Amino acid sequence: ALELARSVRRRGGRVAFDNNYRARLWPDVATARDAMARFLEQVDIALLSLDDERAMHGGDAEGAIARLRRSGVMEIVVKDGQADAWVATGQTVERVPAVPNVRVVDSTGAGDSFNAGYLAARLKDERNVTVLRSPKAWLVIHVMNSTRKPFSDKRVRQAISLAVDRQEVLQK
């Protein structure tokens, strides 16, 4: 992955990074920190989970931003679950308030969904803080396992789909 990131940057591409630390996949936290530090030298946009940052480095969002800036990362987003997020570009750091009154049913894949929305908007050259405040960045995904009841019944999936007023969701 490191050589691929180097190759992408040599050719003028940009590299995005999601910390996604899972302790059970590493021999120890020091090995994970070392590997990620080497990779961060090739990163343009870092999309961090504050929980993962705390597990690896301790500290807070501001500390994570300072550490990544020292690694040369130019754009940093730190997500704190349902709480606020931070966006750092250049010397600017902005704390972006969380969307209020959101009822989370299942947060599985929420970080990846956020990252996809954020990167898609950045590819369109939208300004990062504007992106964070727009509905497309606060993506809501409903995933159903269609191999198990009741979701194996197509009519149930269709009923759930019809029950969501998409216009109302987009207007909020």
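## Digging into the sheet that holds strand β5 (residues 92–96)
Spatially, β1-β2-β3-β4-β5 is the arrangement adopted by the 5 strands of the open sheet, whose pairing is mixed. The sheet is open, and its two borders are formed by β1 (16–18) and β5, each paired with just one other strand. For this sheet, the mean angle separating the axes of adjacent strands, direction not counted, is 15°. Pairing between strand β3 (residues 75–79) and strand β4 (residues 85–89): 5 bridges, direction antiparallel. Within β4, the residue paired with lysine 79 across the bridge is alanine 85. Each of β2 (45–49), β3 and β4 is contacted by helix α3 (residues 50–57), which is oriented at about 85° to β2, the strand it contacts most.

## What about the pattern of salt bridges?
For the structure on display, the rule yields 10 salt bridges. Between glutamate 53 and arginine 67 there is a salt bridge, with its nearest N and O atoms 2.2 Å apart. Taken together, the residues glutamate 53 in helix α3 and arginine 67 in helix α4 (residues 61–70) connect sequence positions 14 residues apart. A single burial state applies to glutamate 53 and to arginine 67, both of which are buried. Bridged by salt links that share partners, the residues Glu3, Arg6 and Arg10 form one connected network.

## What to know about the nonpolar core
Note that soluble globular proteins tend to have their nonpolar side chains buried in a common cluster. Grouped together as the largest cluster of nonpolar side chains are 22 residues, with contacts concentrated most on Phe17, Val43, Leu48, Leu68, Val73, Ile76 and Val78. Those elements that provide at least two residues to this core are α2 (29–40), β2, α3, α4, β3 and β4. Formed by 7 residues, the second largest nonpolar core is a distinct cluster that contains Leu47, Val77, Val96 and Phe114.

## Thoughts on the pairing of β4
Across the 5 residues that make up β4, a large majority, 4, are buried. Where β3 hands over to β4, the hairpin turn is made up of 5 residues, of which glycine 81 adopts a positive phi near 55°. By the bridge criterion, 5 bridges tie β4 to β5 in an arrangement that is antiparallel. Residue pairing across strands places valine 87 opposite glutamate 94, the latter belonging to β5. Linkage of β4 to β5, two consecutive antiparallel strands, is achieved through a turn of 2 residues, within which glycine 90 is found at a positive phi near 55°.

The rules behind these values
Residues numbered from 1 in each chain as written. Predicted model: local features only at pLDDT ≥ 70, side-chain atom pairs only at ≥ 80, totals over all residues. Heavy atoms only, no water. Pairing = 2+ DSSP bridges. Helix = DSSP H or I, 4+ residues; strand = E, 2+ residues; numbered from the N terminus. Axes fitted to C-alpha atoms, helices over the stretch in contact; angles between N-to-C directions. Contact = heavy atoms within 4.5 Å. Salt bridge = Lys/Arg side-chain N within 4 Å of Asp/Glu carboxyl O. Buried < 20%, exposed > 50% of the residue type's maximum accessible area, 1.4 Å probe, protein only. Core = buried A, V, L, I, M, F, W, Y, C linked by side-chain atoms within 4.5 Å.

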